[in-house]
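# Summary of the model geometry
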Amino acid sequence: MLSNKSIFLTILSLACSLLLGFSITDDYFGNAYGALDARSYAMGSAGIYNDFRAAGITENPANLSLMKRFAALHLGGNLNRTEDIRMLPLYNSFDNYIDDAVYASNINNYTAFSAAGFIAPSFGAFNLGIGAYHRPLYSFEGTYREEIRNNRNTDDDMYPEKIAQNDIENKGVVSKSAAVLAVGYSFKENLELHLGADYGWLQGDIEKLKTVQWSDWAIERMPANRNLPEYSHQVEYELKGGDLKLGAALRLGARWGLGFSYSPPKSLKLKGTDYEYREAFRNTAVDSTFTDLDDTHKYPSQMKLGFAYYPRNTTRTVFNMDFERVDYEGVNKAFDPLYNIYAGVEHHIIYRMPLRLGFQAVNSYLVDRVEETNAAGETFSAFVATKVLTPMITGGSSIELAKNLILDLGFGYAWREYSALDLFGDSYYNDKTYTGSSTYVLWPNSYIKLADRGWENPDKVKESYINLNAGISICW
């Protein structure tokens, strides 16, 4: 027989604005931002050794004294378009697998902004620097809409009736405001060592709202004294805490540069409320649960090692590559450390116009919270983590608006595919539960079985991201 939402016709359309078109599934750790420097972004977000732009201090504090500039400022912005396609297995009447059927398609738009600046005077062989920056670190933004329609025959070109509308609306960004200190020493020409550190304050207000609302058509068809219960789950909390980052940069001759940064694990204070509500129906009372949240939210340590190579040629060329280790094992022993790679090249055409190309491969964990029951019949919450690889190809260039005033542009396209639990269980739309009848009121086909799907039959999710990163830099 047809399986669950394969009999639904689901239409999903919504546009919202706020940040890197992130997945609605990434609502535990949040969606981590890449490089906010448009030049580094166009080069695959490789920039641990960066002696060009002020925004480089956000990736490695040692870049501050490396740049040999007295002062510099940076303003950056990001625009992202995300497409999310959700599919489920489609079976025929003999329970044979046919294909993956698309039941939802999201398109969302988001924006983000950052700023950085520093002063770095020189005293002979010494370079000292002090700077500051503000940038987003993790996004919890996401919007999802799913229209549930019944399985009425469409052979007569009639549209199936809308039964319910499911919505998820998440808001909030964890941002970092930091001060940066760096010192550099030149042993001789093109042999330099730079050390830096930044310490910042992380803060974000997160709101998550999940609702199920029945359509007027469905409500009108219910028998007298029978109610279709609406559902909502609202979580609001604040994340705040400190974050330290250490960095080093080593210039080795005119052709090579090495960079290193390390950010220890972060424990952010989490405080807020969790309110879940379902209306009463038939002989079942209202289900309302209110919980005060007071906990610690952990983020893993991050370590990056990278290099820059300046080959000897007539046109200026730079090649950057970074390697990253994210130690999720420090958050939970069930996790493994993840490794990422970032690489890019900049080549100047006609001595002035730069052409930048890059690539990155970033791993992350998607965490789902599920309800499990033990042998004693007790219900408890469990977490299921899925490792996901997100490749991205990038490119870009820059325009010199005036002397020492540069506009950088970066473009990126990323994609990924993974399995995930159904965001809304099918059993909630079984009107037999609310009428007590042995036959459906809202579903013409009385032979379907509305049952929740677990990991034995998950959704397949395909996502793609198109990013535009722009930044204006000025230096003295």
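Residues numbered from 1 in each chain as written. Predicted model: local features only at pLDDT ≥ 70, side-chain atom pairs only at ≥ 80, totals over all residues. Heavy atoms only, no water.

### Examining the overall build of the chain
Across its full length, the chain holds four helices and 20 strands. For the chain, the C-alpha atoms occupy an extent of roughly 90 × 50 × 40 Å along the three principal directions. Burial status across the chain gives 51% buried among its 476 residues. Long-range contacts, defined here as pairs at least 24 residues apart, represent 71% of the contacts in the chain between residues at least 6 apart. When the accessible area of the chain is evaluated, it comes to approximately 22200 Å², of which 57% is carbon and sulfur surface. (Helix = DSSP H or I, 4+ residues; strand = E, 2+ residues; numbered from the N terminus. Buried < 20%, exposed > 50% of the residue type's maximum accessible area, 1.4 Å probe, protein only. Contact = heavy atoms within 4.5 Å. Areas by Shrake-Rupley, 256 points an atom, 1.4 Å probe, with all protein chains shown as cover.)

### A word on the pairing of strand β5 (residues 126-139)
Two strands pair when backbone bridges link them, and strand β1 (residues 31-32) and β5 are joined in this way by two bridges, in the antiparallel orientation. Looking at β5, one finds that alanine 32 is bridged to tyrosine 138. Where strand β3 (residues 97-119) meets β5, five bridges bridge the pair, whose relative direction is antiparallel. Each residue of the ladder has a partner; that of glycine 117, found in β5, is alanine 132. As paired strands, strand β4 (residues 122-123) and β5 are joined by two bridges and run antiparallel to one another. Following the sheet pairing, serine 122 is matched in β5 by asparagine 127. Joining the antiparallel neighbours β4 and β5 is a turn of two residues, in which glycine 124 adopts a positive phi near 65°. (Pairing = 2+ DSSP bridges.)

### Notes on the pattern of salt bridges
Any two side chains of opposite charge can pair, given that their charged atoms come close. Summed over the entire model, instances satisfying the criterion amount to 28 salt bridges. Where glutamate 59 meets lysine 304, a salt bridge forms, and the shortest distance between an N and an O atom there is 3.7 Å. Within this pair, whereas glutamate 59 is found in the loop between α1 (38-42) and α2 (63-66), its partner lysine 304 is found in strand β14 (residues 301-309), the two being separated by 245 residues in sequence. You'll find glutamate 59 and lysine 304 in the same group, each marked buried. Among the salt bridges present, the one from glutamate 220 reaches arginine 221, with a minimum N-O distance of 3.8 Å. Judged by relative accessible area, glutamate 220 falls into the exposed class, the value being 62%. Owing to a relative accessible area of 39%, arginine 221 belongs among the partly exposed residues under this scheme. Shared partners join several salt bridges into a network, and the residues in it are Arg39, Arg53, Glu346, Arg356 and Asp408. (Salt bridge = Lys/Arg side-chain N within 4 Å of Asp/Glu carboxyl O.)

### What to know about the packing of aromatic side chains
Across all of its chains, the model carries 24 aromatic pairs by this definition. Centroid distance phenylalanine 307 to phenylalanine 319: 6.1 Å. Interplanar angle 50°. Geometry classified as tilted. With phenylalanine 307 in strand β14 and phenylalanine 319 in strand β15 (residues 317-327), this pair connects stretches of sequence that are twelve residues apart. Exposure remark for phenylalanine 319: the relative accessible area of 28% places this residue in the partly exposed category. For the ring pair tyrosine 328 and tyrosine 365, a centre distance of 5.1 Å and an interplane angle of 85° mean the geometry is edge-to-face. Taken together, the residues tyrosine 328 in the loop between β15 and β16 (338-349) and tyrosine 365 in strand β17 (residues 353-373) connect sequence positions 37 residues apart. We note that tyrosine 328, like tyrosine 365, is buried. Put simply, the rings of Tyr28, Phe29, Tyr138, Tyr299, Tyr328, Phe335 and Tyr365 touch in pairs and so form one group of aromatic residues. Above the plane of the ring of tyrosine 342 lies lysine 304, whose end atom (NZ or CZ) is 4.3 Å from the centre. (Phe/Tyr/Trp six-rings, centres within 6.5 Å; stacked < 30°, edge-to-face > 60°. Lys NZ or Arg CZ within 6 Å of the ring centre and 35° of its normal.)

### Some words on unusual backbone geometry
A negative phi angle characterises most non-glycine residues, just as the trans form characterises most peptide bonds. Phi at lysine 68 takes a positive value of approximately 55°, unusual for a residue other than glycine. With respect to the helices, strands and loops of the structure, lysine 68 is situated in the loop between α2 and β2 (71-91). With relative accessibility at 43%, the residue lysine 68 sits in the partly exposed group. Here the phi dihedral of arginine 282 falls at roughly 45°; this positive angle occurs in a residue that is not glycine. Exposure remark for arginine 282: the relative accessible area of 42% places this residue in the partly exposed category.

### What to know about a nonpolar patch on the surface
Together, Phe123, Phe126, Leu128, Val183, Tyr185, Phe187, Leu193 and Leu195 line one region of the surface with nonpolar side chains, adding up to about 710 Å² of accessible area. Mapped by element, the contributors of at least two residues to the nonpolar patch are β5, β8 (173-188) and β9 (191-214). With respect to the secondary-structure elements, phenylalanine 126 resides in strand β5. (Patch = residues over 30% accessible without salt bridge, like charges linked within 9 Å, V, L, I, M, F, W, Y side chains within 5 Å.)

### Considering the pairing of strand β11 (residues 256-263)
Burial along β11 is one-sided: Gly257, Gly259, Ser261 and Ser263 are buried, while Trp256, Leu258, Phe260 and Tyr262, pointing the other way, are not. Summarising the sheet, strand β10 (residues 231-252) and β11 pair through seven bridges and their orientation is antiparallel. Paired with leucine 246 across the bridge in β11 is tyrosine 262. The turn joining β10 and β11, which pair antiparallel and follow one another in sequence, is formed by three residues; a positive phi near 75° is taken by glycine 253. Bridging between β11 and β14 involves eight bridges; their strand directions are antiparallel. Note that in β14 the partner of leucine 258 across the bridge is phenylalanine 307.

### Things to note about the confidence of the model for the chain
The pLDDT averaged across the chain works out to 88; a share of 93% of its residues lies at or above 70. When the criterion is pLDDT under 50, residues 1-21 qualifies, and its contacts beyond four places in sequence or with other chains add up to 93 contacts. (pLDDT = per-residue confidence, 0-100.)

### Details of the nonpolar core
Ranked by size, the top nonpolar core spans 26 residues in total, and within it Tyr144, Trp214, Tyr429 and Trp443 carry the most contacts. Of all the elements in the fold, those that place two or more residues in this core are β3, β6 (142-149), β7 (162-171) and β9. It is β7 that provides the largest number of residues to this core, a total of three residues. Counting 20 residues, the second-largest nonpolar core is a separate cluster that includes Val174, Val235, Leu239 and Val326. (Core = buried A, V, L, I, M, F, W, Y, C linked by side-chain atoms within 4.5 Å.)

### As for the environment of asparagine 60
Positionally, asparagine 60 belongs in the loop between α1 and α2. The exposure class of asparagine 60 is buried, given its relative accessible area of 0%. In this structure, the C-alpha to C-alpha distance between asparagine 60 and threonine 143, residues 83 residues apart in sequence, is 33 Å. Beyond its immediate chain neighbours, meaning those up to four positions away, asparagine 60 contacts Ile48, Gly247, Ala248, Gly259, Phe260 and Ser261.

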